[in-house]
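# Survey of secondary and tertiary structure
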Amino acid sequence: MSELEELLAVWLPRQRWFSGKGIPIRRLRILSRHRLLSAGDEGPDLNLLVVEAGQRGTYSRYQVMLGSRPPRALPADLARTAIGVCQVFGGRAQVVYDAAHDEQLTRLLLERFAAPTSEGRSEVRFRTVPGARVHTGAPGRLLTGEQSNTSLVFGREHVLKTFRRLWPGPNPDLELNTALSGSPYVAEPCGWIEADLPGSPTPTTLAMLQTFVPDATDGWVLATENVRSLLQGSSPERESSFAEEAALLGRTTAEAHRALSQALPTDVLSPGEISDLADAMIERLAMATAEVPELAEHAPRVMSAYSDFSRVDEPLPTQRVHGDYHLGQVIRPEQGWVLLDFEGEPTMPVQDRRSLSTPLRDVAGMLRSFDYAAGYLLIGHPGEPDLECSARAWAQHNREAFCRGYADGGGIDPEKHLTALRAFEFDKAVYEVLYEARNRPNWLRVPLDSIASAVAPSLPG
Ligand SMILES: Nc1ncnc2c1ncn2[C@@H]1O[C@H](COP(=O)(O)OP(=O)(O)O)[C@@H](O)[C@H]1O
Ligand SMILES: O=P(O)(O)O[C@H]1O[C@H](CO)[C@@H](O[C@H]2O[C@H](CO)[C@@H](O)[C@H](O)[C@H]2O)[C@H](O)[C@H]1O
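As a starting point, this report considers the structure included with it. Treat the numbers as computed from the prediction; the structure is a model and nothing was measured.

Tallying secondary structure elements over the protein chain gives twelve helices and 17 strands in all. By residue count, 53% of the 461 residues in the protein chain fall in the buried class. The contacts of the protein chain with a sequence gap of at least 6 include a subset with a gap of at least 24, amounting to 69%. Counting only carbon and sulfur atoms, one obtains 51% of the accessible surface of the protein chain, whose full area is about 19900 Å². Positive and negative charge centroids in the protein chain, built from 47 and 60 side chains respectively, lie 6 Å apart.

Once that is clear, we can look at the nonpolar core. The biggest cluster of nonpolar side chains holds 71 residues, and the ones touching the most others in it are Phe309 and Trp394. Among the elements of the structure, α4 (219–231), α5 (236–263), α6 (271–291), α7 (299–310), α9 (360–378), α10 (385–408), α11 (418–439) and α12 (445–453) are those that each provide at least two residues to this core. The leading source of residues in this core is α9, at eleven residues. Residue assignment places this core across two domains, with domain 2 (105–211) and domain 3 (217–453) each supplying three or more. The next biggest cluster of nonpolar side chains, apart from the first, holds 34 residues, and it includes Leu46, Val95, Ile193 and Met208.

A few words now on the environment of Val227. Inspection of the secondary structure puts Val227 in helix α4. Taking the relative accessible area as the measure of exposure, Val227 reaches 0% and is therefore buried. Sequence-wise, Val227 and Arg301 are 74 residues apart; in three dimensions their C-alpha atoms are separated by 28 Å. Those residues in contact with Val227, other than ones at most four positions away along the chain, are Ala373, Ala374, Leu377 and Trp394.

A few words now on the site of ligand 2. Of all residues adjacent to ligand 2, which total 15 residues, the nearest are Ser148, Asp324, Ser369, Tyr431 and Glu432. One of the side-chain nitrogen or oxygen atoms of His326 is found 3.2 Å away from an oxygen atom of ligand 2. One nitrogen or oxygen atom from the side chain of Arg440 is found 3.0 Å from an oxygen atom belonging to ligand 2. Coverage of ligand 2 by the protein amounts to 93% of the 540 Å² it exposes when considered alone. Those elements that place two or more of their residues in the shell around ligand 2 are α9 and α11. Among the elements that make up the shell around ligand 2, the one with the highest residue count is α11 (three residues).

Parameters at a glance
- Residues numbered from 1 in each chain as written.
- Chains lettered and ligands numbered in written order.
- Predicted model: local features only at pLDDT ≥ 70, side-chain atom pairs only at ≥ 80, totals over all residues.
- Heavy atoms only, no water.
- Helix = DSSP H or I, 4+ residues; strand = E, 2+ residues; numbered from the N terminus.
- Buried < 20%, exposed > 50% of the residue type's maximum accessible area, 1.4 Å probe, protein only.
- Contact = heavy atoms within 4.5 Å.
- Areas by Shrake-Rupley, 256 points an atom, 1.4 Å probe, with all protein chains shown as cover.
- Lys, Arg positive; Asp, Glu negative; His and termini not counted.
- Charge placed at Lys NZ, Arg CZ, Asp CG, Glu CD.
- Core = buried A, V, L, I, M, F, W, Y, C linked by side-chain atoms within 4.5 Å.
- Domains from an automatic or database assignment.
- Near = heavy atom within 4 Å.
- Polar contact = N/O pair within 3.5 Å; in protein donor to acceptor, adjacent residues only side chain to side chain.

Written as structure tokens, this is what we have:
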């Protein structure tokens, strides 16, 4: 490996968005590198790298936005983002760092959208949506938090989401946001960055530029504030006030699903295909149990739900769906809920995430999230049965409200598909067990407890 590759092999696994945590990187290769921007002779430069990390024989691609400056020219406030000192494009040694923190560079990045050059044959292209206006001038402020990607907010105008794990072809987030463009359910897409990468016949999406939705709070924050205040003994009206939000979210979800089904292909799952889907769930359960042995004691209960699902003999409509739907993926400005992040589950291969699925998968994801909001607040209160009872009642109340809103909004009635819904909820909970074990071991109890306490298919009510 080159000097830079060695440095990146150490830096990459420490990043929140690195999806291969816990498995050593055996080999790291820079697949492509482009000097995107240069602010002058003394830098800084913005270099866009696509690297391939090899772990246990599988190779994953990641995007790294690398800032570089002459040594000793790194401002003090960027020192903590330094990766090391090495040559980037040959020539003099440079200090290299995470460019997402460098406002001088992120400001220039936005300007490239406003003034796309004639870069038709360039390997990295900035694209703007016809008719979209890009407002420049503000630096990109890095959004912190538990993110799978890296998002930069420019004033109150735009968000640039740079995709970290790269998969060949169009990114589903861009694809579905574009399909819903003009609707009130999404932030308007304004542009994207794409590149031709080795081994991929179609351009790969590197980043997506959207309008910023100002004065919005995300659903996870709203829900956990509500359940927390309830647990602290505030009045029951506060519980019902969130149920109204949950019902509106259900309705909005149904409307967004309908808009997606009108804009993009649809199909129907035959009973045979349903049985194949149940087999895939069983496989995922086996994989997760091998990595998280605590799952084993609950496996019979989960298997029985999958087995009931495999015998469902009525066709299920399918379409493009969100794929990783939870309270952290929806924000609430004054005018209503807005859906974000249509990328699907970050670790799933992109061809699976782009395939058609039943909208019940998203319904199940959001129902799990109400359980999560309650379960998360119980982490610090083990062995408090009254608290547990109130938190679970909160979750149930909001799950019911969401399902009612979904059916009222014209979606398929979740109450009429309890067997399928239960299987999808378990499948999501199994995914969450793996996700938490790899990323937030302190949270592992949340999905495990849900699996342990799930009762017969009586949801909702
Ligand atoms: N267009 C937007 N307007 C306002 N906030 C946004 C917008 N897009 C993203 N955000 C904020 O950024 C967070 C992360 O965005 P998301 O697309 O879910 O990224 P990731 O895939 O990294 O989780 C969201 O929870 C939300 O708070
Ligand atoms: O980074 P993404 O938002 O794309 O999704 C991943 O991370 C999520 C956590 O940040 C994770 O969601 C799980 O935790 C949420 C609370 O933090 C909870 O609302 C969700 O219901 C639960 O699944 C998501 O699964 C993962 O793909």
